[in-house]
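The residues making up each chain are set out below.
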Amino acid sequence: MLVNAKEMLVKAKAGKYAVGQFNINNLEWTKAVLETAEELKSPVILGVSAGAGKYMCGFKTVAAMVDAMVDSMGITVPVALHLDHGTYEDCYKCIDAGFSSIMFDGSHYAIEENVAKTKELIAVCEEKGLSIEAEVGSIGGEEDGVVGMGECADPDECKMIADLGVSMLAAGIGNIHGKYPENWAGLSFETLDAIQQKTGDMPLVLHGGTGIPADMIKKAISLGVAKINVNTECQIAFSAAVREYIEAGKDLQGKGFDPRKLLAPGSAAIKATVKEKMELFGSVGKA
Ligand code: 13P
């Protein structure tokens, strides 16, 4: 059964570790993440972006697949199914589809409208037992070939949004989605410290987990980060492993063209990446 992310994140914040959100793209991806979480006895959050949801035939299909997989695979660790960077409309679609957690990204609305919509969604999530994430300070990344530097959130604005009653808060601290550019300045721990001082027990979320050095991850956790999102790194590991298989000509040997064989190295690479992250985040054995 899916659970919301509230309890696992409150525990993580108190225990000074972080739960990984790993974005999923298909059945193999989901299976690899779930198997790793179960093997390591770690709680886990499966992230689904709007694009990945569309690719997998819609949020209903995703929720039905994940729910059935958790059951059929005999998964015992807490698993949350979370909408990543959701629009207002997609939040409702996921609530209806059976997701256990949503992120409302209202950063493009004027602050009053963002607050009004966030409040409304918090009330719906509370009634239906879902957890909800909000974002303050836009998280940069590559858009149309231009890599935007991550903004730093205003700690007072973070407090204002946290006080609305969200379950977790994503705050920009110089982090960006995708690969970090050579001249990246690193995470702003000064900002993170100020945000944690204003928001107290609120579990903080670090987006753009790909490529952040281990010492920065550890320091971020020590300053209140309880959820870390990883997407690109699993994709890079998956494609490198499949490339190696094909370049070695293995798809041309015997029944090496069978998708179950062709994608197996990719799945193994996702598992290795997720394991490495769970060990670094400290969530192993915390289920
Ligand atoms: P990366 O793709 O940089 O790991 O970021 C993932 C993320 O933050 C999803 O919301």
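Conventions and cut-offs
- Sequence positions are assigned chain by chain, starting from 1 and proceeding in written order.
- Local features are withheld for residues below a pLDDT of 70 in this predicted model, meaning they are given only at 70 or higher, and side-chain atom pairs are given and counted only at 80 or more; totals for whole chains, interfaces and linings count all residues.
- Working from all heavy atoms in the structure, the side-chain values ignore hydrogens and water.
- Lining residues are those with an atom within 4 Å of a point, where the points come from a 1 Å grid over the protein atoms alone and group into cavities, where a 1.4 Å probe fits but cannot get out, or pockets, open sets with protein on both sides within 12 Å along at least five of seven lines.
- Grid points are joined across faces, edges and corners, and a volume is the space filled by probe spheres set on the points.
- Here a helix means four or more residues in a row that DSSP labels H or I, a strand means two or more in a row labelled E, and each is numbered from the N terminus.
- Ten residue types, Ala, Val, Leu, Ile, Met, Phe, Trp, Tyr, Cys and Pro, are classed as nonpolar, four, Asp, Glu, Lys and Arg, as charged, and the remainder, Gly among them, as polar.
- Any residue with a heavy atom positioned within 4 Å of a molecule or strand is treated as near that molecule or strand.
- Residues adjacent in sequence count toward polar contacts only when both atoms are side-chain atoms; beyond that, a polar contact is any pair of N or O atoms within 3.5 Å, and within protein one must be able to donate a hydrogen and the other to accept it.
- Method for areas: the Shrake-Rupley scheme with a 1.4 Å probe, in which residue coverage is limited to the protein chains shown.
- Just a note on the criterion: a molecule sits in a pocket or cavity if more than half of its atoms are within 2 Å of the grid points.
- In what follows, salt bridge is the name for a side-chain nitrogen of Lys or Arg lying within 4 Å of a carboxyl oxygen of Asp or Glu.
- Using a 1.4 Å probe on the protein chains alone, a residue whose accessible area is under 20% of its type maximum counts as buried, one over 50% counts as exposed, and one in between counts as partly exposed.

1. Details of the layout of surface pockets
Okay, so step 1: Space inside the largest pocket adds up to approximately 290 Å³.
Okay, so step 2: What lines the largest pocket is a set of 14 residues, among which Asn23, Asp84, His177, Asn231 and Thr232 lie closest to the centre.
Okay, so step 3: Secondary-structure elements contributing two or more residues to the lining of the largest pocket are strand E3 (79-86) and helix H10 (232-247).
Okay, so step 4: Each residue belonging to the lining of the largest pocket can be placed in one class, and the counts come to no nonpolar, 13 polar and one charged.

2. A short note on the site of the ligand
Okay, so step 1: Every residue close to the ligand is listed here: Asp84, His85, His177, Gly178, His207, Gly208, Gly209, Thr210, Asn229, Val230, Asn231 and Thr232.
Okay, so step 2: Contact distances for the ligand include 2.7 Å between an oxygen atom and a side-chain N or O atom of Asp84.
Okay, so step 3: In this structure, an oxygen atom belonging to the ligand sits 2.7 Å away from a main-chain N or O atom of Gly178.
Okay, so step 4: When the ligand is considered free in solution it has 300 Å² of accessible area, and contact with the protein chains removes 97% of it.
Okay, so step 5: Most atoms of the ligand, that is more than half of them, are within 2 Å of grid points of the largest pocket.
Okay, so step 6: Taken together, the elements giving at least two residues each to the shell around the ligand come down to E3 and strand E10 (225-230).
Okay, so step 7: Residues that form the shell around the ligand fall into these classes: one nonpolar, ten polar and one charged.

3. A word on the pattern of salt bridges
Okay, so step 1: The full count for this structure, using the stated rule, is 13 salt bridges.
Okay, so step 2: In this structure, the salt-bridge partner of Glu133 is Lys227, at a minimum N-O distance of 2.7 Å. You can see Glu133 sitting in strand E5 (residues 131-136) and its partner Lys227 sitting in strand E10, a full 94 residues away along the chain.
Okay, so step 3: The exposure class of Glu133 is buried, given its relative accessible area of 0%.
Okay, so step 4: Since its relative accessible area comes to 0%, Lys227 is described here as buried.
Okay, so step 5: The partner of Glu233 in a salt bridge is Lys277, with the nearest N and O atoms 2.9 Å apart. Taken as a pair, Glu233 in helix H10 and Lys277 in helix H12 (residues 264-281) lie far apart in primary sequence, 44 residues in all. By the burial criterion, Glu233 is buried, and Lys277 matches it.
Okay, so step 6: Salt bridges sharing common partners tie together Glu35, Glu39 and Lys271.

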